[in-house]
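The primary structure of each chain is shown beneath.
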Amino acid sequence: MAGTVPQHTDVEGVDAGVGLTALLVAAARAIETHRHDSLAQDAYAEHFVRAAQACADWPVRIEQAPDGDGNPLWGRFARYFGLRTRVLDDFLLSSVRTSARQVVLLGAGLDTRAFRLDWPSDCVVFEIDRAGVLAFKHQVLTDLTATPKVKRVPVPVDLRADWVTALTSAGFDPAAPSVWLAEGLLFYLPSPAERYLIDTVDRLTTEGSALAFEAKLEKDLQAYRDSPIYTATREQIGIDLLHLFDKGPRPDSAGELTAKGWSTSIHTPFHFSRRHRRGPLPEPNDALEGNRWVFAHKPSP
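This structure is a prediction, so every number in the text was calculated from the model and none was measured.

The next point concerns the overall build of the protein. The secondary structure content of the protein amounts to eleven helices and seven strands. Rg of the C-alpha trace for the protein: 18 Å, near the compact-globule value of 19 Å for 301 residues, within the 12% margin. The C-alpha extent of the protein, read off along each of the three principal axes, is 50 × 45 × 40 Å. Each of the 301 residues in the protein was classed as buried or not, and the buried ones make up 58%. The long-range fraction of contacts in the protein, counting pairs at least 24 apart against all pairs at least 6 apart in sequence, stands at 75%. Total accessible area on the protein stands at roughly 12400 Å², and carbon and sulfur atoms take up 52% of it. Each charge class in the protein was averaged separately, 33 positive and 39 negative side chains, and the resulting centres sit 4 Å apart.

Shown next as structure tokens:
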């Protein structure tokens, strides 16, 4: 599987490639945190941004961004990430309040949910990502003397390697209900890697488990190359998301889960913008138009 992955995804830390997008999301969460109408609070996010040389001059408050909320990157796109954070926070907490006691963050990046959400005391959060990303996060959080609110287990492994053995060796129990999250991950993976991941989550989960992930429906990603969001991201911070996204056709992971007996629901981000009365709404030439958030539950047989 590793041989099918473009070389630009092999950068180990957060200074380039896909790792740099973790800092983009952290900056967006920092901006969201400081809004008067914030949807999600992450007090650690701005410290990641300030600790990495690659983004030392990025804004962490909307007032620091050129044109403020009129900026397609730090206004609209950052608000998208803030909304996504809130919706997935709610999904995870709802899942652990019903049945799951194990949380698996796939491609965890600079996720700080183990530190900022109120979990049941008997939960455990597994964070899977490359060693360089987790090491950067560990250093920043250690410097802040941050303490997780739940048992937190970093699992330093590339998702193209044998992450199943790494996860189970770290204490994950496939016989107990679990909730999984692939936030901003799957569209960077080749189609076979995504299929393997979805099949593996199905294999490692029992009844009462749940999964949320983000998907993109576009047949041709390049159709949005000149959209305001992608253009601003390239020009302002040098991240070409369309270069990082996998170019191959995407599998229908929601459909495959349904075929395996999961119940699935699929929503546009705009659905939640309207629900929360904050967040992006549709625009012409909209790079968010094909984004979908998928929520899946594995019911009892």
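Once that is clear, we can look at the sheet that holds strand S5 (residues 210–216). Reading across from one edge, S3-S2-S1-S4-S5-S7-S6 is the order of the seven strands in this open sheet, with mixed pairing throughout. The strands lining the two open edges of the sheet, one partner per strand, are strand S3 (151–156) and strand S6 (263–267). Each strand of the sheet is rotated relative to its neighbour by a mean of 15°, with strand direction disregarded. As defined by bridge partners, strand S2 (residues 124–129) adjoins S3 across six bridges and the pair is classed as parallel. Looking at S3, one finds that glutamate 127 is bridged to proline 154. Together, strand S1 (102–106), strand S4 (178–182) and S5 form the strand contacts of helix H7 (residues 191–203), whose direction differs from that of S5 by roughly 170°.

On to the nonpolar core. With 75 residues, the main nonpolar core has Leu23, Phe48, Trp58, Trp74 and Trp119 as its most contacted residues. The leading source of residues in this core is helix H3 (residues 72–98), at 13 residues. Beyond its immediate chain neighbours, meaning those up to four positions away, tryptophan 58 contacts Leu20, Leu23, Leu24, Ala27, Val49, Arg50, Trp74, Ile237 and Ile239. Leu106, Ile128, Trp180 and Leu257 belong to the second-largest nonpolar core, a separate cluster that totals 31 residues.

For the structure shown, the criterion picks out 29 salt bridges. The shortest N-O distance in the salt bridge between lysine 298 and aspartate 202 comes to 3.3 Å. Taken together, the positions of lysine 298 in the segment after strand S7 (291–297) and aspartate 202 in helix H7 put the pair 96 residues apart, joining distant regions of the chain. Classification of lysine 298 as buried rests on a relative accessible area of 16%. We classify aspartate 202 as buried; its relative accessible area is 17%. A single salt-bridge network, built from bridges that share partners, covers Arg84, Asp89, Asp111, Arg113, Arg116, Glu183 and Glu214.

Before going further, it helps to examine the packing of H3 against helix H8 (residues 228–237). In the contact formed by H3 and H8, the axes pass within 9 Å of each other and the chain directions differ by 125°. Taken together, the axes of H3 and H8 lie oblique to each other. Crossing of H3 against H8: the hand is left-handed. Taken together, the residues of H8 that come into contact with H3 (itself represented by Pro72, Leu73, Trp74, Arg76 and Phe77) are Pro228, Ile229, Ala232, Thr233, Gln236 and Ile237. For the contact of H3 with H8, the per-class residue count stands at eight nonpolar, two polar and one charged.

Cut-off values and rules
Residues numbered from 1 in each chain as written. Predicted model: local features only at pLDDT ≥ 70, side-chain atom pairs only at ≥ 80, totals over all residues. Heavy atoms only, no water. Helix = DSSP H or I, 4+ residues; strand = E, 2+ residues; numbered from the N terminus. Rg over C-alpha atoms; globule rule 2.2 N^0.38 Å. Buried < 20%, exposed > 50% of the residue type's maximum accessible area, 1.4 Å probe, protein only. Contact = heavy atoms within 4.5 Å. Areas by Shrake-Rupley, 256 points an atom, 1.4 Å probe, with all protein chains shown as cover. Lys, Arg positive; Asp, Glu negative; His and termini not counted. Charge placed at Lys NZ, Arg CZ, Asp CG, Glu CD. Pairing = 2+ DSSP bridges. Axes fitted to C-alpha atoms, helices over the stretch in contact; angles between N-to-C directions. Core = buried A, V, L, I, M, F, W, Y, C linked by side-chain atoms within 4.5 Å. Salt bridge = Lys/Arg side-chain N within 4 Å of Asp/Glu carboxyl O. Parallel < 35°, antiparallel > 145°, perpendicular 65-115°, else oblique. Left-handed = near helix turned anticlockwise from the far one by under 90°. Nonpolar A, V, L, I, M, F, W, Y, C, P; charged D, E, K, R; others polar.

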